[in-house]
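# Coordinates in review
In case you want the letters, here they are:
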Amino acid sequence: QVRLVESGGDSVQSGGSLRLSCAASGYIYSYLCMGWFRQAPGKEREGVATIGSDMTTRYADSVKGRFTISRDNSKSTLRLQMNSLKPEDTAMYYCAARACGSGSSWNSLEDWRYPHWGQGTQVTVSS
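Attention in this report is confined to the structure presented alongside it. (Residues numbered from 1 in each chain as written. Predicted model: local features only at pLDDT ≥ 70, side-chain atom pairs only at ≥ 80, totals over all residues. Heavy atoms only, no water.)

### Observations concerning the overall build of the protein chain
To keep things clear, this is the line we draw: Here a helix means four or more residues in a row that DSSP labels H or I, a strand means two or more in a row labelled E, and each is numbered from the N terminus. Just to be clear, the radius of gyration here is over C-alpha atoms, and the globule rule we use is 2.2 Å times residues to the power 0.38. Type-normalised accessible area, obtained with a 1.4 Å probe on protein chains alone, sets the label of each residue: buried when under 20%, exposed when over 50%, and partly exposed for intermediate values. For this analysis, residues touch if any pair of their heavy atoms sits within 4.5 Å. Accessible areas in this description were obtained via Shrake-Rupley with a 1.4 Å probe; residue shielding takes into account the shown protein chains only.
Broken down by element type, the protein chain carries zero helices and 11 strands. Listed by position from the N terminus, the elements making up the protein chain come as β-β-β-β-β-β-β-β-β-β-β. The C-alpha atoms of the protein chain give a radius of gyration of 14 Å, which matches the 14 Å a tight globule of 127 residues would have. Taken along its principal axes, the extent of the C-alpha atoms in the protein chain is 40 × 30 × 25 Å. The buried share of the protein chain, taken over its 127 residues, is 40%. Considering only intrachain contacts with a sequence separation of at least 6, the fraction spanning at least 24 residues in the protein chain is 64%. Total accessible area computed for the protein chain in this model is approximately 6,400 Å², and 44% of it derives from carbon and sulfur atoms.

### Here's the deal with the state of the cysteines
This is how the line gets drawn: Any cysteine sulfur atom paired with another within 2.5 Å is treated as part of a disulfide.
In this structure the tally under the stated criterion is two disulfides. Along the protein chain, the cysteines that take part in disulfide bonds pair up as 1-3, 2-4, counted in sequence order.

### What about the sheet that holds strand S7 (residues 67-72)?
Counted only if it meets this: What makes two strands pair is DSSP finding at least two bridges between them. Working convention: axes come from line fits to C-alpha atoms, limited for helices to the stretch in contact. Angles between N-to-C directions cover 0 to 180 degrees.
In spatial order, the strands read S1-S3-S8-S7; together these four strands make up an open sheet with antiparallel pairing. Each edge of the open sheet is held by one strand with a lone partner, namely strand S1 (3-7) and S7. Geometrically, the sheet is characterised by an average inter-axis angle of 15 degrees between neighbouring strands, direction not taken into account. Bridge count between S7 and strand S8 (residues 77-82): six bridges; the pairing is antiparallel.

### Some details on the environment of Gly-26
Position of Gly-26 relative to the elements: it lies in the loop between strand S3 (18-25) and strand S4 (32-39). Given the relative accessible area of 46%, Gly-26 is considered partly exposed. For the pair Gly-26 and Val-2, spaced 24 residues apart in sequence, the C-alpha separation works out to 4.6 Å. Excluding its chain neighbours within four sequence positions, the residues that come into contact with Gly-26 are Gln-1, Val-2 and Arg-3.

### A look at the pairing of S3
Within a regular strand, the side chains alternate between the two sheet faces. Burial along S3 is one-sided: Leu-18, Leu-20, Cys-22 and Ala-24 are buried, while Arg-19, Ser-21, Ala-23 and Ser-25, pointing the other way, are not. As paired strands, S3 and S8 are joined by six bridges and run antiparallel to one another. Bridge pairing links Arg-19 to Gln-81 in S8.

### Quick notes on the packing of aromatic side chains
Put simply, the rule reads: Classification of ring pairs rests on two measures: the distance between centres of Phe, Tyr or Trp rings, Trp counted by its six-membered ring, which must be within 6.5 Å, and the angle between planes, read as stacked under 30 degrees, edge-to-face over 60 and tilted in between.
This structure, assessed with the given rule, holds five aromatic pairs. Relative to Trp-117, the ring of Phe-37 has its centre 5.1 Å away and its plane inclined at 55 degrees; by these criteria the two rings are tilted. One end of the pair, Phe-37, is in strand S4; the other, Trp-117, is in strand S10 (residues 116-117), and 80 residues separate them in sequence. Overall, Phe-37 belongs to the buried group, its relative accessible area being 0%. Members of the aromatic cluster, joined through ring pairs, are Phe-37, Tyr-94, Trp-106, Tyr-114 and Trp-117.

### Topic: the pattern of salt bridges
A side chain with one charge may pair with a side chain of the opposite charge, provided their charged atoms come close. Applicable threshold: Within this document, salt bridges are pairs made up of a side-chain nitrogen of Lys or Arg and a carboxyl oxygen of Asp or Glu, the two lying within 4 Å of each other.
This model, assessed by the stated rule, comprises six salt bridges. Across the pair Arg-45 and Asp-111 runs a salt bridge, and its minimum N-O distance is 3.0 Å. On the criterion of sequence distance, the pair formed by Arg-45 in the loop between S4 and strand S5 (46-51) and Asp-111 in the loop between strand S9 (91-99) and S10 is long-range, its members being 66 residues apart. The exposure class assigned to Arg-45 is partly exposed, which follows from its relative accessible area of 32%. Ionic contacts of the salt-bridge type, sharing partners, join the residues Arg-38, Glu-46, Arg-66 and Asp-89 into one network.

Spelled out as structure tokens, the structure:
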């Protein structure tokens, strides 16, 4: 089965940067469509950024221009570069995956469409 492990979460000051990583195993990575989601205390989980197996990307309006999602198929890893962090970015960040075949432009910010999830990594941004 698909296994996902996130890393890179930390506590930073407003305006700072962090880079999150997700290591995938148990499946042909290039055949997976991937996404980053987050959930703050007392709030519902929301989609942050996604990337298809064809490298097409999609971002939530709240992070567009500040976050960048990328993937390295040779290393079976997913990355989320976060710049200009704000206190409202504070949340547990999760890596998610869905088998979608090769060359797929599938990009969904709806969490229920992803069957595979990591355990999450905490990001805390203070003012």
